[in-house]
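Observations on the three-dimensional arrangement
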Amino acid sequence: MDEPLVRRAPQSDEIDLIELFRALWSQKWLIVLVTVLVTACAAAYAFLAKPVYQARVAVFPPSLSDIAPFNFVRNAEIGLEPLTTEGVYAVFTRNLQSDEARRSFFYEVYLPSLPEDERNDSQDDLYERFSEDLSIKRPGKDQPDRYELFVERKDPAQAADWARLYLERVARESLQQMRENARSEILVRGRTVQQQIDTLREAARNRRDDRIVRLKEALAVADALKLENPPVVTGQEAGQLASIMDGSLMYMRGAKALRAEIQSLETRASDDPFIGELRNLQEKYNLYAGLKIDAERGAVFRQDGSIVTPDEPIKPKKLLILALGVVLGGMLGLFIALVRVMLKKRAAD
């Protein structure tokens with residue numbers, strides 16, 4: 001008794017599927033109608049939506065000739081380490097991806113381009129839209145130095161212009177940063193040299209004051225001994241005699257010579273001619289002060305080809321939208337038909 005029942009089960013299921021197919025087939029025009037309507041809506045969107053164009057550009061590190069103007073004032077004589085292509089490119093790529101550069105472009109370029117009614121929308125929502133329109137692709141493993149900039153706009157010429165403008169702004173900011181860094185480094189080195197000059201001048205002034213004190217003491221001794229002129233000493237070489245008279249026996253030079261040197265030291269306008277290293281330091285300081293940093297002729301990146309105005313939109317993808325419309329329309333039609341079949345069956349029961 002059990003075996004016939006088991007054998008009939010598949011036949012019952014098969015009959016149910018056939019009945020379901022017949023029920024759906026009876027509503028084939030409903031399924032077709034829904035599919036056509038959904039496909040028509042998809043086609044309307046695909047052909048009526050305003051196309052979006054994408055401008056793209058890739059950048060690479062600069063060459064040695066590109067950064068040569070940056071290293072014009074950075075040599076062994078100046079004491080500044082020369083820049084490398086990696087270091088210069090790192091400054092550019094940081095600015096390329098920085099939120100500061102994107103915010104600046106957003107407020108100064110993107111917002112003014114919007115209609116007045118859109119400009120009053122939420123700033124966060126507008127910035128999110130802007131971030132979708134302007135994106136940066138980081139390097140991959142195969143090309144570790146290649147960055148790509150993408151700009152999407154409904155106006156193809158505007159997309160190309162914005163890509164060019166964004167790169168120019170980032171490059172200009174990078175050049176300004178390197179110029180300021182070099183200027184600060186030169187300023188620090190110049191101040192160090194100036195401090196050395198001031199220290200030498202102060203030391204020379206102190207030594208002159210000390211010399212005057214010693215000479216005045218020697219003069220007092222010479223006056224007390226009524227020694228107006230140096231005595232004649234025989235048997236001593238000139239060098240030995242000079243060393244004796246410049247030490248504790250300085251008074252032996254005579255009051256006349258001592259007064260003359262004291263007057264000369266007290267009326268001296270500057271100690272600069274008597275400072276051995278001063279002129280070299282002054283020359284070095286003048287070299288730092290006269291440096292002119294001309295970074296405008298250099299480049300912080302290399303562009304992979306020119307920025308071309310796109311002529312084919314990337315959105316909407318018409319064929320894909322139409323295919324999705326047919327698939328989704330068919331699925332929706334089948335679902336509606338299936339619901340109708342179930343409702344009729346329940347009403348019949």
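Residues numbered from 1 in each chain as written. Predicted model: local features only at pLDDT ≥ 70, side-chain atom pairs only at ≥ 80, totals over all residues. Heavy atoms only, no water.

A closer look at the overall build of the protein
Basically, it comes down to this: Numbered from the N terminus, helices here are DSSP runs of H or I no shorter than four residues, and strands are runs of E no shorter than two. The rule is simple: take the accessible area with a 1.4 Å probe, protein chains only, and divide by the maximum for that residue type; under 20% is buried, over 50% is exposed, in between is partly exposed. It only takes one pair of heavy atoms within 4.5 Å for two residues to be counted as in contact. Using a 1.4 Å probe, the Shrake-Rupley method yields the accessible areas, and only the shown protein chains count as cover for residues.
Helices and strands together make up the secondary structure of the protein, namely 12 helices and 4 strands. Among the 349 residues that make up the protein, the fraction classed as buried is 33%. Contacts in the protein between residues at least 24 apart in sequence constitute 77% of all its contacts with a sequence separation of at least 6. When the accessible area of the protein is evaluated, it comes to approximately 22800 Å², of which 57% is carbon and sulfur surface.

Concerning the UniProt feature "domain: Tyrosine-protein kinase G-rich" (unreviewed entry) in the protein
Keep this limit in mind: UniProt positions are given in the numbering used here, feature names are shortened, and annotations may be inferred rather than shown by experiment.
Under the local residue numbering, the UniProt record ascribes the feature "domain: Tyrosine-protein kinase G-rich" (unreviewed entry) to residues 307–342. Split by type, residues 307–342 is 69% helix and 0% strand. Its first and last C-alpha atoms lie 60 Å apart.

Section: the pairing of strand β3 (residues 147–153)
Heads up, the rule is: A pair of strands is considered paired only if DSSP assigns at least 2 bridges between the two.
Most of β3 sits inside the fold, with 7 of its 7 residues counted as buried. Of the strand pairs in this sheet, strand β1 (residues 53–60) and β3 are connected by 7 bridges, and their pairing is antiparallel. By the bridge assignment for β3, Ala55 is matched with Val151. Note: strand β2 (residues 134–137) against β3, 4 bridges, orientation antiparallel. By the bridge assignment for β3, Leu134 is matched with Val151.

Details of the nonpolar core
Operational definition: Residues belong to one nonpolar core when they are buried, are Ala, Val, Leu, Ile, Met, Phe, Trp, Tyr or Cys, and are joined through side-chain atoms within 4.5 Å.
Of all hydrophobic cores here, the largest spans 37 residues; its most connected members are Phe92, Leu149, Tyr166, Leu167, Val300 and Phe301. Elements with a contribution of two residues or more to this core: β1, α4 (85–97), α5 (99–113), α7 (123–133), β3 and α8 (156–224). Top element by residues in this core is α8. It accounts for 10 residues. Contact partners of Tyr166, with chain neighbours within four places excluded, come to Asn95, Leu96, Ala101, Arg102, Phe105, Leu134, Ile136 and Leu149.

Some details on the pattern of salt bridges
To be explicit about the condition: Here, a salt bridge means any Lys or Arg side-chain nitrogen found within 4 Å of an Asp or Glu carboxyl oxygen.
All chains considered together, the criterion is met by 21 salt bridges. Residue Glu148 is joined to Arg146 by a salt bridge in which the shortest nitrogen-to-oxygen separation is 3.6 Å. Among the ionic pairs, Arg268 bridges to Asp271, the shortest N-O distance being 3.1 Å. Taking the relative accessible area as the measure of exposure, Asp271 reaches 8% and is therefore buried. What you see here is one network of salt bridges that share partners, running through Arg56, Lys137, Arg146, Glu148 and Asp304.

Quick notes on the sheet that holds β2
Note the threshold: Axis lines are fitted through C-alpha atoms, for helices just across the contact stretch, and the angle between N-to-C directions can take any value from 0 to 180 degrees.
Strand order in the open sheet formed by 4 strands is β2-β3-β1-β4, with antiparallel pairing between adjacent strands. Of all strands in the sheet, those with a lone pairing partner are β2 and β4 (302–304), marking the two edges. Strand-to-strand, the axes of this sheet are offset by a mean angle of 30 degrees, without reference to chain direction. Where α8 meets the sheet, it contacts β1, β2, β3 and β4, and its direction lies at approximately 145 degrees from that of β3.

Details of the UniProt feature "transmembrane region" (unreviewed entry) in the protein
Following the UniProt record, one finds the feature "transmembrane region" (unreviewed entry) at residues 29–48 and 319–343. Within residues 29–48, the helical portion is 100% and the strand portion 0%, while the C-alpha atoms at the span's ends are 27 Å from each other. Structurally, residues 319–343 is divided into 100% helix and 0% strand, and its ends, taken at the C-alpha atoms, are 36 Å apart.

Describing the side chain of Arg102
Worth spelling out the cut-off: A positive count includes Lys and Arg, and a negative count includes Asp and Glu. His and the chain ends are not counted in either. In protein, a polar contact means a hydrogen-donor-capable atom and an acceptor-capable atom, both N or O and within 3.5 Å, with residues adjacent in sequence counting only if both atoms are side-chain atoms; elsewhere, any N or O pair within 3.5 Å suffices.
Looking at the element boundaries, Arg102 is found in helix α5. Although Arg102 is buried, it forms no salt bridge, and the closest oppositely charged side chain is Asp99 at an N-O distance of 5.4 Å. At 2.8 Å, the side chain of Arg102 forms a polar contact with the backbone oxygen of Leu134. Sequence-distant contacts of Arg102, that is, excluding residues within four places in its chain, are made with Gln97, Tyr127, Phe130, Ser131, Leu134, Ile136 and Tyr166.

Examining a nonpolar patch on the surface
Our working rule: Residues with no salt bridge and a relative accessible area higher than 30% make up the patches, which join like charges within 9 Å and nonpolar side chains (Val, Leu, Ile, Met, Phe, Trp, Tyr) within 5 Å.
Together, Leu320, Leu324, Val327, Leu328 and Met331 make up a nonpolar patch on the protein surface, roughly 490 Å² of accessible area in all. Assignment of secondary structure puts Met331 in helix α12 (residues 318–348).

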